[in-house]
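Geometric and topological summary
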Amino acid sequence: MTAGLAGRAVCDEPLSWETMVAYWLGDLPEQDEWKAEEHYLGCQQCADQLFRLAGVAAALRAWHRSGRGQVVVTEAALAALRAAGQQLLELRLTAGQTPNQPFPPEIDFVVARLAGDLAAVERLDLELSSGDGLPFYSVRDAPFDPASGEVLVLCERHLAASHSTLLFRLHLHRAYGSVSTADYLVSA
Amino acid sequence: VGTTDLPERTALHPPPALETQSDAHLVVQLLAAPTGSVLAQALAHELCRRFAPRIRLFGLRHLRDGDAAEDLVQEVLLIFLETVRAGTLRDPAQTPSFILGTCRNVVWNRRRGDQRRRRILERYGWQLLPDAEEAPEPVDVGALTKCLARLSERERHLLYFSFDEELPARAIAERLRVTETHVRVLRHRALGQLRDCLALGRTDGR
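Worth saying up front: this structure is predicted, and the values here are computed from it rather than measured.

1. Looking at the state of the cysteines
All names here are of chain B. Tallied over the full model, the rule gives one disulfide over all chains. Between Cys 147 and Cys 197 runs a disulfide, and the two sulfur atoms are separated by 2.1 Å. A torsion of -80° about the S-S bond marks the disulfide between Cys 147 and Cys 197 as left-handed. With Cys 147 in helix H7 (residues 141–149) and Cys 197 in helix H10 (residues 180–204), the pair connects residues that are 50 residues apart, well separated along the chain.

Here it is as structure tokens:
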């Protein structure tokens, strides 16, 4: 940083975007964090960039917590939705069974808990379709917790209610290229 | 500290000459300016205008709470101005270091439930109330949705884990079955794409 007394400072060693991202997410070593803070506290140019990052970060957090951000979710995400006052209808589904389940108008989201043995699964893809089997939404390589024994899928109520039957199809990839499919159906 | 020593909120726009000067030069001038003079008020206000958003960033990063960050801004600026006026800021070029040290002390004291903060804010806080437009820039949800759609699913998962669940890189690496280094690279690239996409949307109306 060139910081002459008479002229406004010009940043000739701006913090890298990578450093800013790591800083904002608490992923910098303490000494580097201190350096980054000392720099942007004296540098309007870098503070402006960090401000933009903070804005994007806040928007991302709000977007995800509105339920729009993710189809395959975690228990923590569901807890955040409940805490925000969202009404969830949770269905524990077993492959091969087709329960009838109305989607009452007061709910905001349907949560499908797809139960299965995930212990040896290395990759998981999800397809969401109406009863005709034509997928209208798919997620490749969805994150999941193998120990939990279930995959949590979040659907907005209007999406779930617009189909008489919903089919959740999991493609479970295991070692040596083995792939199996599990179908979970629910009828409104 | 007398209330008349503090910059008034009505002086929102400093003379252009002050806007072009370095932080350190403003501090040097404030050290020399007669207490309570128009010049001292303008200098103090310009310094507050510059440092408030930077201190707010520090507060948002460490306190994760907008209201707490606003409180931090007010207290740090007050301590800074008191120190300058007392003539105990040894080197004006080291102002960022001083601000950083003060931020850290205030956050540390806050975490220890320091009562002094409340007393100061009750007495003087309103005078350094930050401007509303200095909050993080709001992002259009529609534009964000479009920009996120341009990322790969893996990148979207990564951002979800980073910003919603606030998982550390190691935990994300385990979930996505990649290395921590790869998580960091993917993460800053995805955020860079998002930043550029959102900036483009603002300029060309998309």
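2. What about the environment of Ala 33 of chain B?
All names here are of chain B. Among the structural elements, Ala 33 can be located in the loop between helix H2 (23–32) and helix H3 (38–63). Judged by relative accessible area, which is 11%, Ala 33 ranks as buried. In this structure, the C-alpha to C-alpha distance between Ala 33 and Arg 85, residues 52 residues apart in sequence, is 9.4 Å. Residue contacts for Ala 33: discarding those within four places in its chain leaves Leu 39, Ala 40 and Leu 43.

3. Points about the interface of chain B and chain A
At the junction of the two partners, chain B supplies 59 residues and chain A supplies 55 residues. In total, about 5200 Å² of surface goes out of reach between chain B and chain A, with carbon and sulfur atoms giving 59% of it. Between the two partners, chain B and chain A, sit five salt bridges. The residue Glu 166 of chain B makes a salt bridge to Arg 61 of chain A at a minimum N-O spacing of 3.3 Å. Across the contact surface, chain B and chain A share 14 residue pairs in polar contact (both at pLDDT 80 or more). Of all elements in the fold, only H2, H3, helix H5 (95–111), H7, helix H8 (153–164), helix H9 (169–176) and H10 of chain B reach the threshold of two or more residues within the side of chain B that touches chain A.

4. Considerations on the nonpolar core
Ranked by size, the top nonpolar core spans 71 residues in total, and within it Ile 55 and Leu 194 of chain B carry the most contacts. It is H3 of chain B that contributes the most residues to this core, 13 residues altogether. Setting aside residues up to four positions removed in sequence, Leu 194 of chain B forms contacts with Val 56 and Leu 60 of chain A together with Leu 144, Cys 147, Leu 148, Leu 151 and Leu 159 of chain B. Val 139, Val 151, Ala 160 and Leu 172 of chain A belong to the second largest nonpolar core, which has 29 residues in total.

5. Quick notes on the confidence of the model for chain B
Residues and elements named next belong to chain B. Of all residues in chain B, 77% attain a pLDDT of 70 or more, and the chain-wide mean is 79. Taken as a whole, residues 1–11 scores under 50 in pLDDT and shows 29 contacts with residues more than four places along the chain or in a different chain. Within the model, the stretch residues 125–135 combines pLDDT values under 50 with 29 contacts to residues more than four positions away or in other chains. For this predicted complex, the interface confidence reaches an ipTM of 0.77, while the overall pTM sits at 0.67.

6. Comments concerning the pattern of salt bridges
When their charged atoms lie close together, side chains carrying opposite charge are able to pair. If you walk through the whole model with that rule in mind, you get 20 salt bridges over all chains. Two residues, Asp 27 of chain A and Arg 187 of chain B, come together in a salt bridge whose shortest N-O distance is 2.8 Å. With one member in each of two chains, Asp 27 of chain A in the loop between helix H1 (17–24) and helix H2 (30–41) and Arg 187 of chain B in helix H10 form a pair that bridges those chains.

7. Details of the sheet that holds strand S1 (residues 72–73) of chain A
Residues and elements named next belong to chain A. The sheet built from four strands is open, its strands ordered S1-S6-S3-S2 with mixed pairing. Across the chains shown, the open sheet's two edge strands, defined by having one partner strand only, are S1 and strand S2 (88–94). In the sheet, S2 pairs with strand S3 (residues 109–115) via seven bridges, with the strands oriented parallel. Of the residues in S3, the one forming a bridge with Leu 91 is Ala 112.

Calculation notes
Residues numbered from 1 in each chain as written. Chains lettered and ligands numbered in written order. Predicted model: local features only at pLDDT ≥ 70, side-chain atom pairs only at ≥ 80, totals over all residues. Heavy atoms only, no water. Disulfide = S-S within 2.5 Å. Helix = DSSP H or I, 4+ residues; strand = E, 2+ residues; numbered from the N terminus. Buried < 20%, exposed > 50% of the residue type's maximum accessible area, 1.4 Å probe, protein only. Contact = heavy atoms within 4.5 Å. Buried area = accessible area lost by both parts, 1.4 Å probe. Salt bridge = Lys/Arg side-chain N within 4 Å of Asp/Glu carboxyl O. Polar contact = N/O pair within 3.5 Å; in protein donor to acceptor, adjacent residues only side chain to side chain. Core = buried A, V, L, I, M, F, W, Y, C linked by side-chain atoms within 4.5 Å. pLDDT = per-residue confidence, 0-100. Pairing = 2+ DSSP bridges.

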